[in-house]
Every structure is written in C-alpha cells, then in structure tokens.
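# Coordinate analysis (summary)
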Amino acid sequence: MKRMKKLMAIITAVVMTMAMSAVAFADATLSRETGDTHTYEVYQIFTATSYDSTSGQFSGIKYGANSTGTLGSDVSTTVLNALSAVNSSSDAEKIAVIDNYWNQTKAAFATINNTTATASLPTGYYLIKDTTTSTDGDSINFHVVTVSDGSTALTITDKRDVPTVQKYIKEDSTNTYGKAADYSKGEETIGFRLVGTLPAAADYARYTRYNYTFTDTLTKMTYVANSITAKVYSGYTNANSLGTLYGTLDLTDSNVSLTANGSSIVLSFNDTKTAVYTDNTIAAGIPAGYVIVVEYNAKFTNDAVTGANGNPNSVKVTYSNNPNLDSTGTPINTTEDTPIDYAYAFTYEFDGLKVDSTTNQALTSAGFKIRDESGNKYAIINSSNVVTGWTTNEASGTEILTTNAGKIIVNGLDAGTYTLRETKVPTGYSAIADVPFTVTATISAVATPTAGSKEYEVTAIGIASTSADMKVNYQGATATSANATNGKVYANILNTPTSTLPTTGGIGTRMFYIIGGALMVFAAAVLVLKRKMAK
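Residues numbered from 1 in each chain as written. Predicted model: local features only at pLDDT ≥ 70, side-chain atom pairs only at ≥ 80, totals over all residues. Heavy atoms only, no water.

### Here we look at the overall build of the chain
The following threshold applies: Strands are runs of DSSP state E lasting at least 2 residues, helices are runs of H or I lasting at least 4, and numbering of each runs from the N terminus. In this scheme, a residue with accessible area under 20% of its type's maximum is buried, one over 50% is exposed, and one in between is partly exposed, where area comes from a 1.4 Å probe on protein chains only. Contacts are residue-level and defined by heavy atoms, with any inter-residue pair within 4.5 Å sufficient. Here the Shrake-Rupley method, with its probe set to 1.4 Å, supplies the accessible areas, and only the displayed protein chains count as covering residues.
Each helix and strand in the chain was counted, giving four helices and 37 strands. The buried share of the chain, reckoned over its 535 residues, is 46%. Taking the intrachain contacts of the chain between residues at least 6 apart in sequence as the baseline, contacts between residues at least 24 apart amount to 70%. Only carbon and sulfur atoms are counted for the fraction: they give 52% of the accessible area of the chain, which is about 24,800 Å².

Structure follows, in structure tokens:
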C-alpha cells in the first residue's frame, strides 16, 4: 500500500531472547531510528528480576514506576493470570488489560526526543507513547515493549501504514483523471475523484472500530446535488486504474453521515469495519488494504478565476488513530488528519473586438451567439459576460451584443473549438459567415509549488482561426497576445462595408444629377444640329 511522506509512528513489540536465565540483567538501551524526530514517552508498568527465554516467562515481577501499585511491591497472581490470558492477543487487547495497571498521572519513566536520544530500561514491561502532534498525519499510539536482555539495543521502528487520500479532477477531452483540468463555466459535469486508502491488515486488525471521514472543500465551485457515490476497490494502481470493484457503499445506511451542499462535502463512516453495500450479498465491512473511491460532480461559480493558478479544491481524511481500549473495553475514539491534497480546475476568457476590415475602427450594434463545437451547445451568458449554462437550442442561446467600444467578452471557456455566429450586422456592413476559432492551453506543475494555491499554472495559452473574418491576437490595430496569467485570448472580428460610394458629407448625389442633366441637354442639342445640317 502507498505510504505517506511521513508514516505513522509505532513502536514494534520487542521480545529479546537470551541463552540462559540469570538473576539480573544489564539495562537495555532504547533509541529512535535515524531521521525520526518524534517524541516518545516511556512508562514502566512492571519490573522483573529474571527472564526464561525457553518458557518466555519473567520471574520476580514487581510494580514499576508508572503502575497503579506500590513501586517495588509484588504483583499478585490474579494480575499475572490476567496478563498471561492476553499474551497471544492483539496489542489493543493487551493494552486494554495493562491499562488497568497504568497510572497515567505519574511522570513518564523516560523520554526520548531531539535532546535525549536514548533511554536505559531495566528488565520489565513498558508502554511507549508517541506524543508527536498531528501536523503531518502521524498518529499517537501505544505499544507494549518487553525488555528481557540489556545486551541488545532496542530501536523504535517507524513502520506503520496510515490512510492516505488523493484528489483528482476529470479532463473531459481525454476522459481521464489527473491533478488539473480545464472546463467551461456553466458546465455541470466537472468530475472529481477522491481515493482514500485503508491500512494494511496487521495495522487494521488492531482496531475494534475504525472511523473514516472525507472532508472535501471546493473553491469557486459548487457541488451538484445527488451526484456523489462511494465504491470499494481491490488492487488499486492509480487514479485511472482503480483495480477490481468490490462493491458500492450504501450512503443511506445509519453507519454513514453525509453532508454535501455548496462548497463543502463531508462523508463519514462511523466504522468502516461494519460499512454496508447496496448489494446485500456482499459481507459488511471494508477489507484492509482496499481503497474507497468517492466520485461527484461540481460546476464553477460565476467568480471562478480564469487562467493563472486555477481554482484549487482540497480534501483530507480524518481517521481513527488509537487502536486501544479503555479500562471498560470501549474503543478509544481519537482521530488524526491526513495531509490535505489538492486538484485544480481552470477556465479561460475570449475578448473579441468588432472592427472595420479596412480601418480597424471599432463597430457597435453587432450581435453574436457562441457555439461549443464539441457538444453543439450554445452559451447562456449573463449581463456580466459570464457563461452560466449551455443549451442545444440555438434560440435559447444568449445573443452577445457589442459594447459601445465594439467589444464582446465571453468569460468561462474550456480549451477547445468554438463558432461565432453573427446574429446582428452593423449598419452599412456585409454579414459574415460563421467564424470558427480554437482556444488552446497548457497546464504545468509549478517548479516550486505552494500547496493549495500555486501547485499548477497555465504556462501557455493561444487562439487560432481559419476564418478570413477573424484576426487573432489583435485588438483593433494593436497586436495583443493571449495572456496565460489572466487566461484571456484576443481577436478582431472583421466586417467589410457594403459600398464605397460617398454619402452625406461628400460631393453627394446632387452633382451626379446636374452632370447627367447637362449631358442629356448637350446630346439633344447635337441631335438637332445634325438634322439641320442634313437638310
């Protein structure tokens, strides 16, 4: 199973052996692994005078410094029998019994930290507690340590698997999941996938009950109601190779709590070991080492950022971190958070300028509708130039009118091919055919990322068109390149005048009438003169 950057700290059970029993032993030296920065508190529950490696039994067992009994007094047979009864049980069951004899108000027998690298432990039974705060998904855990021979050093081994969670976004152009993708605003099929792992069998078995909660936060996006599912897979490889479907979890079960609305989704399993499936032939419980795959849809809000570093969306998992039982046999319900993981959603803006094809002067009183060629859908656009939806009915698409400055703006486009259809032609100009254009964008990982805001960015953006009526990367007579920082592409939309004859303000048509009349009078005079000459 995949491990986290920083694995859950756990002290392995150590049973040291020796060739012969002896009356007394040298103290054992306990230390951390190289690179381990956790702080460990060591509690001495019992001491012993000797240990038989053949039978695995201690002799001369007395209460230790952190016990409920009097230090140095003999441990009764009843207590020893209770301990022997769980000798081959799980650590959680052992600790549940030992907890009855541990006085938690007493100072730790020893502490290992960044200033104290080792502890000297006499023969006996100990509990070791990892007290590291939960900033990186580490877990506070106890473990039984048996010290039987001081001739061999004991090492605290950091080896525990803990849950991990990853968030992915679906790229609609390839139908695959990754860490970043681009979409149009108004689109309700922006798919997200959360993949949460469970611990390996040995660690998972330590827990009587295992709580598991996804907390997902959307930025500049909103959840699409009733779109969430949760499934269990075995043999998981990656976000696009989930393995074999084990079953679909029943999110209406009383074991499950689901709150999903707006920008927040909280999906909690009170106990994954009793989780049930929509197919009741599948035995309850999520097996160790399997993954929980949560999928849902979202859409952009109107204020979603265009270009730049996109819109980050996050998830974390809160999980049980203490497998122990209290003195009444009840599971200790403490939890830990995984590191937060992010996926990024991008969108772009088209800035067009309607101009005279010969003078580059801006033209007003023009109108357009924009169609997405990938789905033959027309954009529905609000008064702020933001795409709020898409429709296959052309009549329902929004007519975008040029501003007084001749501009048309469409905020919230995916990378892809679109068509501008002229619906209103400026007075005195010829209508143009449909204008196709393509928006392209490259999203790359940031070399030095900042989690949650700057892990991905638009490194290149462009616009192209095969139409003679569109001049890309221009605004009027000024060359204006596409801008990756603000996610905008620019283009002129050209219209040609219907006639080059002068109108009011030139020499006018009256002069043509005068000249025409004079020519007719002259022609008549010539005709009369010719007739007289002929006679």
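### A closer look at the environment of Val 387
Counting through the fold element by element, Val 387 comes out in strand S28 (residues 387-391). Beyond its immediate sequence surroundings of up to four residues, Val 387 is in contact with Lys 185, Gly 186, Ala 379, Ile 380, Ile 381, Val 410, Asn 411, Gly 412 and Leu 413.

### Side note on the sheet that holds strand S37 (residues 488-495)
The line we're drawing: Any two strands with at least two DSSP-identified bridges between them are counted as paired. To get an axis, fit a line to the C-alpha atoms, keeping to the stretch in contact for a helix; angles then go from 0 to 180 degrees between the N-to-C directions.
Spatial ordering of the open sheet is given by S30-S25-S37-S34, a layout of four strands whose pairing is mixed. The open sheet has two edge strands, strand S30 (407-413) and strand S34 (470-472), and neither has a second partner. The sheet shows a mean angle of 25° between the axes of neighbouring strands, direction not considered. With three bridges joining them, S34 and S37 adopt antiparallel strand pairing.

### Regarding the nonpolar core
Rules: Here, nonpolar core refers to any group of buried Ala, Val, Leu, Ile, Met, Phe, Trp, Tyr and Cys residues whose side-chain atoms link them within 4.5 Å.
Ranked by internal contacts, the top residues of the largest apolar core, which has 41 residues, are Phe 192, Phe 214, Leu 249, Phe 269, Ile 286 and Tyr 296. Broken down by element, the residue count for this core peaks at five residues, all from strand S21 (residues 291-300). Excluding its chain neighbours within four sequence positions, the residues that come into contact with Phe 269 are Tyr 210, Asn 211, Tyr 212, Phe 214, Ala 230, Leu 249, Leu 251, Asn 255, Val 256 and Ala 275. By size, the runner-up hydrophobic cluster in this structure holds 31 residues, among which are Tyr 342, Val 410, Met 470 and Ala 484.

### Some details on the pattern of salt bridges
Condition: Any Lys or Arg side-chain nitrogen found within 4 Å of a carboxyl oxygen on Asp or Glu counts as a salt bridge.
Evaluation of the coordinates by the stated rule reveals 13 salt bridges. In this structure, Glu 187 and Lys 377 form a salt bridge, with 3.3 Å as the shortest nitrogen-oxygen distance. In this pair, Glu 187 is assigned in the loop between strand S13 (180-182) and strand S14 (190-197) and Lys 377 in strand S27 (residues 377-381), connecting sequence segments 190 residues apart. The pair formed by Glu 187 and Lys 377 is uniform in burial state, with each residue classed as buried. We note a salt bridge from Glu 422 to Lys 354, for which the minimum N-O separation is 2.7 Å. One end of the pair, Glu 422, is in strand S31 (residues 416-424); the other, Lys 354, is in strand S25 (residues 348-356), with 68 residues separating them in the sequence. Assessed through its relative accessible area of 0%, Lys 354 is described here as buried. One salt-bridge network, held together by shared partners, links Glu 394, Arg 421 and Asp 434.

The analysis is restricted to geometry; functional conclusions fall outside its scope.
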